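Per-entry structural report
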Amino acid sequence: MKIVEYIREMRIRGAGRIARAAAHAIKIAALSYEGGDLGEFVRYMLHVGELLKSARPTAVSLPNAVNYVLARLRGVHGVDEARRVIVDAANSFINLSLRAIEAIGRIGAGLLEDGDAVLTHCNSSAALSVIKAAWREGRRLKVYVTETRPRFQGLISYIELEKVGIPTTLIPDSAVRFFMKDVDKVVVGADAIAANGAVVNKVGTSMIALAAHEARVRFYVAAESYKFSPATVLGELVIIEERSPLEVASPEVLRRAPSLRVRNPAFDVTPPEYIDAIITERGVIPPKAAILVLMEEYGRTLEEELTKISLDIEDSRYL
């Protein structure tokens, strides 16, 4: 499946875009299925879902999008109904995702003031939506964008901001602390948000948050509610993806230094203590309120899982 390859190879990047691409892929798979057996169709769709989930393990938006669509298969009768349900659910998720980004921009714009210098990292649709919305509302901003090595996603953000006329300066990741004295606000996106309010985002985010904390610069995270990780309520950790050494060192360098060990984590974790607020389509919340978003979004499922765990613990007392 090409979309799985595109996500894995980062031709499709950004947690929101990945989630929408996954929903679209499931829709394509449903429409291309030609069999007439419902059980076989469900197994096929679950297989497609697992393939998509494996493409980028850290982006919680990916499994959340897949689960949102496939959960609608419960109680269907016949392949035709199942296919229609999948297509409707995929379209619904994509529309909800796009509307969420617009809402985040509108809500988050109120946190930026005229004349602010804003720093952003990587290429987040949600974070850029906040900056663009504030600009459209008449606030004269200037923006610092980090290169975001090793894949240079910051260049994409630079191009997007320049297109709408926002004065933008590209800086090396390692120069963030140098420029932080000139920054008024930091706005970044998120690939996953844990139940305790910790944010998983492009590697380098935690260092930016630390520099902002030291300089008393407000640090905001812009993220759709489907980027909150329900698994973390149950104690599971978000997997930090490590990518190919070839993104950091060329094949020639690796051949010349066969004993060289290269590690290339794609994400890091920013503790909630360094985050002033999380901007969602539902409003602005403190990091510690992440659990409330999760309970509202996945309440019944989480209650069932927590009850199951509680019963398992009770049973284990008699082992």
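Let me begin by describing the structure that accompanies this report. (Residues numbered from 1 in each chain as written. Predicted model: local features only at pLDDT ≥ 70, side-chain atom pairs only at ≥ 80, totals over all residues. Heavy atoms only, no water.)

Comments concerning empty space enclosed by the protein
- All chains considered together, the criterion is met by 1 cavity of 30 Å³ or more.
- What the largest cavity holds in volume is close to 260 Å³.
- Lining the largest cavity are 26 residues, with Gly14, Ala15, Cys122, Asn123 and Asp191 positioned closest to its centre.
- Per-element accounting of the lining of the largest cavity gives the leading share, 4 residues, to helix H2 (residues 15-32).
- In terms of residue class, the lining of the largest cavity is built from 9 nonpolar, 9 polar and 8 charged. (1 Å grid on protein atoms, 1.4 Å probe; cavity = no way out; pocket = protein on both sides within 12 Å on 5 of 7 lines; lining within 4 Å. Points joined across faces, edges and corners; volume = space filled by probe spheres on them. Helix = DSSP H or I, 4+ residues; strand = E, 2+ residues; numbered from the N terminus. Nonpolar A, V, L, I, M, F, W, Y, C, P; charged D, E, K, R; others polar.)

Re the pairing of strand S9 (residues 277-280)
- Every second residue of S9 is oriented toward a common face, with Ala277 and Ile279 on one face and Ile278 and Thr280 on the other, all of them buried.
- In terms of strand pairing, strand S7 (residues 218-222) meets S9 through 3 bridges, oriented parallel. By the bridge assignment, Val221 is partnered in S9 with Ile278.
- As paired strands, S9 and strand S10 (residues 283-285) are joined by 3 bridges and run antiparallel to one another. Each residue of the ladder has a partner; that of Ile279, found in S10, is Val284.
- The antiparallel hairpin formed by S9 and S10 contains 2 residues in its connecting segment. (Buried < 20%, exposed > 50% of the residue type's maximum accessible area, 1.4 Å probe, protein only. Pairing = 2+ DSSP bridges.)

Looking at unusual backbone geometry
- Of note, the bond from Arg149 into Pro150 is cis; its omega dihedral lies within 30 degrees of zero at 5 degrees.
- In this fold, Pro150 is placed in the loop between strand S2 (142-146) and helix H7 (154-163).
- Unlike most non-glycine residues, Cys122 shows phi in positive territory, near 65 degrees.
- Counting through the fold element by element, Cys122 comes out in the loop between strand S1 (117-120) and helix H6 (125-136).

Considerations on the sheet that holds strand S5 (residues 192-193)
- If you trace the 3 strands from one edge of the open sheet to the other, you get S5-S6-S8, paired in antiparallel fashion. The open sheet has two free edges, formed respectively by S5 and strand S8 (267-270), since each of these has just one partner strand.

Brief notes about the sheet that holds strand S3 (residues 168-171)
- Read across the open sheet, the 7 strands follow the order S3-S2-S1-S4-S7-S9-S10; overall the sheet is mixed. Strand pairing shows two members of the sheet lacking a second neighbour, S3 and S10, which therefore form its edges. For this sheet, the mean inter-axis angle between neighbouring strands, taken without regard to orientation, is 25 degrees.
- Lying on the sheet, helix H5 (residues 79-109) is in contact with S7, S9 and S10; it crosses S9 at an angle near 135 degrees.
- Strands S1, S2, strand S4 (185-188), S7 and S9 of the sheet are contacted by H6, whose axis makes an angle of about 170 degrees with S1. (Axes fitted to C-alpha atoms, helices over the stretch in contact; angles between N-to-C directions. Contact = heavy atoms within 4.5 Å.)

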